[in-house]
Amino acid sequence: MSLVRRALPEDAGEVLRLRQVMLDSVFTAGGSTDWHAESLPALRARLTEPDGDFVAFVVDHPERPGALAALAAGALEYRIGRAENPRGRVGYVFSVATDPDVRRRGYARGCMESLLDWFRERDARQVDLNASAEAEPLYASLGFVRKPDPSMRLAL
């Protein structure tokens, strides 16, 4: 029996905590969590939508009841089609994290495999993500490859 399950609305606080673990590991440790309270209602609502374009897969923490050990979250997006993806369905993985005290147990891999299956079931032809150096071997083992990235961003 798999340890991976789809996140529920009542997991929203823990999903945010693990997202912060990921953000702190990629950017600067000890980042502000002031945004969590504002984000929580929207995240709970999204976790309530069984057929929506957002999903999170989690593993419960084996030693801390009510806590999560790992998370992989992503969204399905539409982009105008092209030769490699005529229907324009694209998966985007934006948050993968494992609690530091339970790393190297395969939890993130299990969450990612469930997320990739979810994308396949929705006929996504490509899945994009940004990888930290620490996580790149996991993603490479799942078939991800580095690409030249001309991305730019505007904060509104």
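That block above? That's the structure.
We now turn to the structure provided with this report. Predicted, not measured: the structure shown is a model, and the values here were computed from it. (Residues numbered from 1 in each chain as written. Predicted model: local features only at pLDDT ≥ 70, side-chain atom pairs only at ≥ 80, totals over all residues. Heavy atoms only, no water.)

Concerning the packing of aromatic side chains
Stage number 1. Summed over all chains, the structure comprises three aromatic pairs.
Stage number 2. With a centroid separation of 5.9 Å and an interplanar angle of 25°, the aromatic rings of Phe 54 and Phe 94 are classed as stacked. In this pair, Phe 54 is assigned in strand β2 (residues 54-60) and Phe 94 in strand β4 (residues 89-98), connecting sequence segments 40 residues apart.
Stage number 3. A residue is classified by how much of its surface remains accessible, and Phe 94, at 29% relative accessible area, is partly exposed. (Phe/Tyr/Trp six-rings, centres within 6.5 Å; stacked < 30°, edge-to-face > 60°. Helix = DSSP H or I, 4+ residues; strand = E, 2+ residues; numbered from the N terminus. Buried < 20%, exposed > 50% of the residue type's maximum accessible area, 1.4 Å probe, protein only.)

Describing helix α1 (residues 12-26)
Stage number 1. Taking 1.5 Å as the rise per residue, α1 with 15 residues should run 21 Å; its terminal C-alpha atoms sit 21 Å apart, in good agreement.
Stage number 2. For α1, the complete set of buried residues consists of Ala 12, Glu 14, Val 15, Leu 16, Leu 18, Gln 20, Val 21, Met 22 and Leu 23.
Stage number 3. Of the surrounding secondary structure, the elements contacted by the buried residues of α1 are α2 (36-48), β2, β3 (68-78) and β4. (Expected span 1.5 Å × (residues − 1). Contact = heavy atoms within 4.5 Å.)

Description of the sheet that holds β3
Stage number 1. Reading across the sheet, the five strands line up as β1-β2-β3-β4-β5 and stay open at both edges, with mixed pairing between neighbours. This sheet does not close on itself; its edge strands, each paired only once, are β1 (4-6) and β5 (126-129). Taking each pair of neighbouring strands and ignoring which way they run, the sheet shows an average axis angle of 25°. (Pairing = 2+ DSSP bridges. Axes fitted to C-alpha atoms, helices over the stretch in contact; angles between N-to-C directions.)

Thoughts on the packing of α1 against α2
Stage number 1. Axis separation between α1 and α2 bottoms out at 9 Å; the angle between their running directions is 120°. What the angle tells us is that α1 and α2 run oblique. Here the hand of the crossing between α1 and α2 comes out right-handed. Contact with α1, carried on its side by Ala 12, Gly 13, Val 15, Leu 16, Arg 17 and Gln 20, involves His 36, Ser 39, Leu 40, Leu 43, Arg 44 and Leu 47 of α2 and no other residues of that element.
Stage number 2. Class assignment for the residues of the contact of α1 with α2 results in six nonpolar, four polar and two charged. (Parallel < 35°, antiparallel > 145°, perpendicular 65-115°, else oblique. Left-handed = near helix turned anticlockwise from the far one by under 90°. Nonpolar A, V, L, I, M, F, W, Y, C, P; charged D, E, K, R; others polar.)

Remember that the coordinates give geometry; whether it matters functionally is a separate question.
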